[in-house]
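Descriptive analysis of the structure
One letter stands for each residue in the lines below.
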Amino acid sequence: MELEEGGHGVDMEALVHRLRLHRPGPSPYEPSDAVAPAPGAGELFRPRRAAVLVCLFRGAAGELRVILTKRSSSLSTHSGEVALPGGKAEEGDADDAATALRESKEEIGLDPALVTIVTSLEHFLSKHLLVVVPVVGILSDIQAFKPALNVAEVDEIFDVPLEMFLKDENRTSDELEWMGQPFTLHHFTYEKGNDKYIIWGLTAGILIHAASVVYQRQPDFPDKRAQFNLPKYSKECCSMPSGPVKH
């Protein structure tokens, strides 16, 4: 079933209703309290949790678009990369949605009152072994959003059509392996005027999955996504290979 569109584009009310019925599969990355540390093995590994906001709104032509950021070039990790708004969970966060909304307000000035949270998606694992929960929200009035960038964290904010992550256009990929699991690392190129953005890695993977859920169809290209086994002990940790970056 394709995403239904009316005379003015996507029927947002119907989309909200359908997405609220989405139930993600069980997370393969929930730590088990039943495992006892082996003598001399060190501490059990408990991954940190993060949440990102897949914030959707209706564009001028009626199409669904998603808000993205370009991280500050001065950051120590993932500097200059395209990302979804979000970050690590903090003790005061009630749930994953609270984390995603708090971080989005801190990074780009997005008022949580403007966003309707509709669902969470399957969990992802970052290359630094961070469990990332994508939270889908609907921004019904894009004109009410007045971006205020936290320049210490974000250099730019922009938006792209969500459906581009189901198309084979402007896409390249690398076939990699980690922990004995083969997986595909996707790179999408988006150009707007003189600006060129590369959307790749974890962000691309999350958006492929989000687009598949929203549009209720598989992408036009093979997508090999692996479920990795987390290390049992902290000293076993190692980062996921990132692969070459396409320009």
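Residues numbered from 1 in each chain as written. Predicted model: local features only at pLDDT ≥ 70, side-chain atom pairs only at ≥ 80, totals over all residues. Heavy atoms only, no water.

Under an unreviewed UniProt entry, the name given to the chain is Nudix hydrolase domain-containing protein, and the organism recorded is Urochloa decumbens.

**Focus on the overall build of the chain**
Per the secondary structure count, the chain includes 3 helices and 13 strands. Expressed as a percentage of its 247 residues, the buried residues of the chain come to 46%. Here the chain has roughly 12600 Å² of accessible surface; of this, 49% comes from carbon and sulfur atoms. (Helix = DSSP H or I, 4+ residues; strand = E, 2+ residues; numbered from the N terminus. Buried < 20%, exposed > 50% of the residue type's maximum accessible area, 1.4 Å probe, protein only. Areas by Shrake-Rupley, 256 points an atom, 1.4 Å probe, with all protein chains shown as cover.)

**Overview of the sheet that holds strand β11 (residues 171-178)**
Reading across from one edge, β11-β12-β13 is the order of the 3 strands in this open sheet, with antiparallel pairing throughout. Strands at the two margins of the open sheet, each flanked by one partner only, are β11 and β13 (195-200). Within the sheet, the average angular offset between the axes of one strand and its neighbour, ignoring direction, is 20°. One ladder, built from 6 bridges, connects strand β12 (residues 181-192) with β13; its direction is antiparallel. Across the sheet, residue glutamate 191 finds its bridge partner in β13, namely lysine 196. Contacts from helix α3 (residues 201-215) reach β12 and β13 within the one sheet, and its direction differs from that of β13 by about 80°. (Pairing = 2+ DSSP bridges. Axes fitted to C-alpha atoms, helices over the stretch in contact; angles between N-to-C directions. Contact = heavy atoms within 4.5 Å.)

**Here we look at helix α1 (residues 12-19)**
Residues of α1 that are buried include every one of Met12, Leu15, Val16, Arg18 and Leu19, and no others. The buried residues of α1 all sit within an arc of 165° when viewed along its axis, so they share a single face. Relative to its buried face, α1 has exposed residues pointing more than 90 degrees away, namely Glu13 and His17. For α1, the secondary structure elements touched by its buried residues are β2 (9-10), β3 (49-58), β4 (64-71), β7 (115-120), β9 (131-139) and α3. (Arc of directions from axis to C-beta.)

**Regarding the pairing of β9**
Across the 9 residues of β9, 9 count as buried, placing the element largely inside the fold. Both faces of β9 are covered, namely the face carrying Val131, Val133, Val135, Gly137 and Leu139 and the face carrying Val132, Pro134, Val136 and Ile138. Bridge count between β3 and β9: 8 bridges; the pairing is parallel. Paired with alanine 51 across the strands is valine 133, a residue of β9. Where β7 lies against β9, 5 bridges are found, and the strand directions are antiparallel. Along β9, the bridge assignment pairs valine 115 with leucine 139.

**With respect to the nonpolar core**
Within the largest apolar cluster, 41 residues are counted, with the highest numbers of intra-cluster contacts made by Leu162, Phe165 and Ile199. Contributing elements (two or more residues each) for this core: α1, β3, β4, β9, β10 (154-161), β12, β13 and α3. With 9 residues, the single largest contributor to this core is α3. In this structure phenylalanine 165 touches Val66, Val160, Phe188, Ile199, Leu207, Ile208, Ala211, Pro219 and Phe221, once residues within four positions along its chain are discounted. Counting 16 residues, the second largest nonpolar core, distinct from the first, contains Leu53, Phe57, Ile67 and Val154. (Core = buried A, V, L, I, M, F, W, Y, C linked by side-chain atoms within 4.5 Å.)

**Some details on the packing of aromatic side chains**
Per the counting criterion, the structure on display carries 3 aromatic pairs. Judged by centre distance (5.0 Å) and plane angle (75°), the ring pair of phenylalanine 165 and phenylalanine 188 falls under edge-to-face. Taken together, the residues phenylalanine 165 in the loop between β10 and β11 and phenylalanine 188 in strand β12 connect sequence positions 23 residues apart. According to the relative accessible area criterion, phenylalanine 165 is buried, its value standing at 0%. Cluster of aromatic residues (ring-pair linked, three or more members): Phe165, Phe188 and Phe221. Over the ring of phenylalanine 221 we find arginine 171, and its NZ or CZ is 4.2 Å from the ring centre. The lysine or arginine in question, arginine 225, covers the ring of phenylalanine 124, its NZ or CZ lying 3.8 Å from the ring centre. (Phe/Tyr/Trp six-rings, centres within 6.5 Å; stacked < 30°, edge-to-face > 60°. Lys NZ or Arg CZ within 6 Å of the ring centre and 35° of its normal.)

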